[in-house]
Amino acid sequence: MIPQIYIGLMSGTSMDGVDVVLVDFSDGSPNVLATHDEPIPSGLLTHLHRLADPKVGDINLLGECDRASGELFATAVNNLVEKTNWDREQVIAIGSHGQTVRHMPNLPYPFSLQIGDASTIAVQTQIDTVADFRRKDIALGGQGAPLVPAFHRAMFGSNQKDRVILNIGGIANITCLAKDGTTSGFDTGPGNTLLDLWYSQHHETNFDKSGLWGATGEVNNNLLTRMLSHPYFAMSAPKSTGRELFNASWLNQHLSHFPAIRPQDVQATLAQLTAQSIALDILTLSETTDIFVCGGGLFNDDVINKLQQLLPKCTIQSTAVIGIEPQWVEAIAFAWLAFCFVNKQSSNLPAVTGAKKAAILGAFYPAI
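Residues numbered from 1 in each chain as written. Predicted model: local features only at pLDDT ≥ 70, side-chain atom pairs only at ≥ 80, totals over all residues. Heavy atoms only, no water.

(A) Quick peek at the packing of aromatic side chains. Across all of its chains, the model carries 12 aromatic pairs by this definition. Ring geometry for Tyr199 versus Trp213: centroids 5.6 Å apart, planes at 70 degrees, classification edge-to-face. Highlighted residues: Tyr199 in helix H6 (residues 193-200) and Trp213 in helix H7 (residues 212-215), separated in sequence by 14 residues. Assigned by exposure class, Tyr199 and Trp213 land together as buried. Summarising the aromatic geometry, the rings of Tyr232 and Phe246 are spaced 6.1 Å apart at their centres and angled 85 degrees between planes, so their arrangement reads as edge-to-face. One end of the pair, Tyr232, is in the loop between helix H8 (221-228) and helix H9 (248-255); the other, Phe246, is in the loop between H8 and H9, with 14 residues separating them in the sequence. Tyr232 gets classed as buried once you look at its relative accessible area, which sits at 4%. Ring pairs connect the aromatic residues Tyr232, Phe233, Phe246 and Trp250, which therefore count as one cluster. One cation-aromatic arrangement involves Lys239 over Tyr232; the distance from NZ or CZ to the ring centre is 4.6 Å. (Phe/Tyr/Trp six-rings, centres within 6.5 Å; stacked < 30°, edge-to-face > 60°. Helix = DSSP H or I, 4+ residues; strand = E, 2+ residues; numbered from the N terminus. Buried < 20%, exposed > 50% of the residue type's maximum accessible area, 1.4 Å probe, protein only. Lys NZ or Arg CZ within 6 Å of the ring centre and 35° of its normal.)

Have a look at this one:
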C-alpha cells in the first residue's frame, strides 16, 4: 500500500498553541504517525490578540503577523518532521488552517480571514502547502464555517445510531451525524475563549486546569440569563461565530450590571454558559444521543460535569472511544482537507455552511 502522508496544522480561536500532526490516509482512515504542539511566542500572541479585536484595523500589524505566523507554522512543521523517521519528501502536502483573526459571515460582503503566510510555510518546510480553505465556501454563499463536519462524517459516521461530535475549542461547535447519512453542524457559542480570558485576568496561567477554580464558584443565574439572551443563541443554522462577538468587551458589558459578583462565580457562570448553550442546541435534536467530545474543553471537568447534568439521558465520551484522540481531531481534519484538495474531492457540506454547492476547498502553494 502506497503511503498517503499529509501534515495538518491547526491554531484555533483559543490561541493556546499550534497543533501539528503527521497522518497517513492510505487505508482510508487517519493513521497518526506523529504529533507536536508548538507554543506561540508571547510577543506574537499579544499581537494576535490585539489583531483579533474588532476595533483594531492596523494593516501593518496584519502583514507582520501574517509573516510571523507563517514562520511559526513552518517551525512547528520542521520540529515535527525532526521527531520522526519520515523524509519530508514523502509528505504530499501540508494542510494549514491558519490563525483566524476575523470572522464576519454576515456582512454585505462576508469574509473570514486566516493568517499565516502559506508561501512562507511552503518555502521554509520545502513541502507543498494547501491553505485558505474557507474562501471558496464563502464565494459560494456559505459562511466558510464550520468546516470539520465533513471530516466528522467521513471518520465518525455510523449507520447504526445517531451521534453528535462536540468540539469545545475557543468556540464550541457541534456536528450532528444521523444514522441515515444526514449531517448538520454549527457553532453553538463560546467554548473556552471567555473562560480562558477571565481566568488569565486573575491568575498567572492562561487556563483553568480541569476547571478546578470554576468548580469553586456558584452560577449567577441572572448573569447567565442576561448572556443567553444574546440573539446569536436563538439564531437558526447555518451560523458561525468567533472572538469578534464573544470577547472581553462583550463580557465586561454584561459584568457591568453585576459589580459585586465574585471572580470565581463569574468563572462558574461562564462554564455554565458554555455548557447550557451546547445543551440547548443538542436537546433540539435528541434527548438520548451519544456525544463524543474533542478539543481542549473536554479536559475542563467543570464544563463537562455541567453539560452532563443538563443532558442526563445522553452519553458523553471522548472521541478516543471512536478512534481519534480528542486533542488532535481538528489538526487531522486539516490534513484531510489537504488530502481532499490533492485528490480533487469536495470537502464542504452545503447543508452545514449554507454554500450553494459542494466544492474542492483550498488554494495551492508549491514548495518551489
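(B) Summary view of the pairing of strand S10 (residues 290-294). Here S10 lies mainly inside the structure; five of its five residues are buried. Judged by which residues are buried, S10 turns out to be covered on both faces: Asp290, Phe292 and Cys294 on one side and Ile291 and Val293 on the other are all buried. Where strand S7 (residues 163-168) meets S10, five bridges bridge the pair, whose relative direction is parallel. Within the sheet, the bridge partner assigned to Asn167 lies in S10 and is Cys294. Looking at chain direction, S10 and strand S11 (residues 315-318) are connected through four bridges and run parallel. Within the sheet, the bridge partner assigned to Asp290 lies in S11 and is Thr315. (Pairing = 2+ DSSP bridges.)

(C) Structural detail: the environment of Val56. For Val56, the location among the structural elements is in the loop between helix H1 (42-51) and helix H2 (59-82). The buried category is assigned to Val56, whose relative accessible area is 16%. When the C-alpha atoms of Val56 and Thr284 are compared, they prove to be 37 Å apart, with 228 residues separating the residues in sequence. For Val56, the residues in contact, after removing those within four places along its chain, are Arg50 and Arg102. (Contact = heavy atoms within 4.5 Å.)

(D) Broad picture of the pattern of salt bridges. Counted under the stated rule, the structure contains eight salt bridges. The salt bridge involving Arg67 is made with Glu71; its shortest N-O contact spans 3.3 Å. Residue Arg67 and its partner Glu71 are both found in helix H2; the two are separated by four residues, about one turn of the helix. One network of salt bridges, in which partners are shared, links Arg67, Glu71 and Asp117. (Salt bridge = Lys/Arg side-chain N within 4 Å of Asp/Glu carboxyl O.)

(E) Expanded view of the pairing of S11. Burial of S11 is one-sided: the residues Ile316 and Ser318 facing one way are buried, the residues Thr315 and Gln317 facing the other way are not. Taking the sense of rotation as the criterion, the β-α-β connection linking S10, helix H11 (residues 301-310) and S11 turns out right-handed. (Right-handed = clockwise from strand over helix to strand, strands pointing away.)

(F) Main features of the side chain of Arg102. Within the secondary structure, Arg102 is located in strand S4 (residues 91-104). One buried charged residue, Arg102, forms no salt bridge at all, with the nearest opposite charge on Glu244 at 4.7 Å. Side-chain polar atoms of Arg102 contact the backbone oxygen of Asp53, separated by 3.0 Å. Setting aside residues up to four positions removed in sequence, Arg102 forms contacts with Leu51, Ala52, Asp53, Pro54, Val56, Phe111, Ser112, Leu113 and Glu244. (Lys, Arg positive; Asp, Glu negative; His and termini not counted. Polar contact = N/O pair within 3.5 Å; in protein donor to acceptor, adjacent residues only side chain to side chain.)

(G) The arrangement of H1 in detail. Of all the positions in H1, only Leu44, Leu45, Leu48 and Leu51 are classed as buried. Each buried residue of H1 lies within a common arc of 125 degrees when the element is viewed along its axis, so the set occupies one face. For H1, the exposed residues set more than 90 degrees away from the buried face come down to Ser42 and Thr46. Packed against the buried residues of H1 are H2, S4 and strand S5 (111-115). (Arc of directions from axis to C-beta.)

(H) Seen up close, the nonpolar core. Core analysis: the biggest nonpolar cluster contains 42 residues, and Leu270, Leu273 and Ile291 have the highest contact counts within it. Of all the elements in the fold, those that place two or more residues in this core are S7, strand S8 (171-177), H6, H8, H9, helix H10 (263-283), S10 and H11. Among the elements that line this core, the one with the most residues is H10, at eight residues. Ignoring anything within four residues of it in the chain, the contact list for Leu270 reads Leu194, Leu195, Trp198, Met227 and Leu251. Counting residues in hydrophobic clusters, the runner-up holds 35 residues, among them Phe133, Phe156, Phe292 and Trp328. (Core = buried A, V, L, I, M, F, W, Y, C linked by side-chain atoms within 4.5 Å.)

(I) Focus on the sheet that holds strand S9 (residues 183-190). Spatial ordering of the open sheet is given by S9-S8-S7-S10-S11, a layout of five strands whose pairing is mixed. Looking at which strands have only one partner, the edges of the open sheet turn out to be S9 and S11. Going across the sheet, the axis of each strand differs from the next one's by a mean of 20 degrees, ignoring polarity. Strand contacts of helix H5 (residues 149-156): S7, S8 and S9, with the helix running at about 45 degrees to S8, the strand carrying the most contacts. Seen against the sheet, H10 touches S7, S8, S9 and S10 and runs at an angle of roughly 155 degrees to S9. (Axes fitted to C-alpha atoms, helices over the stretch in contact; angles between N-to-C directions.)

Geometric values such as these leave the question of function open.
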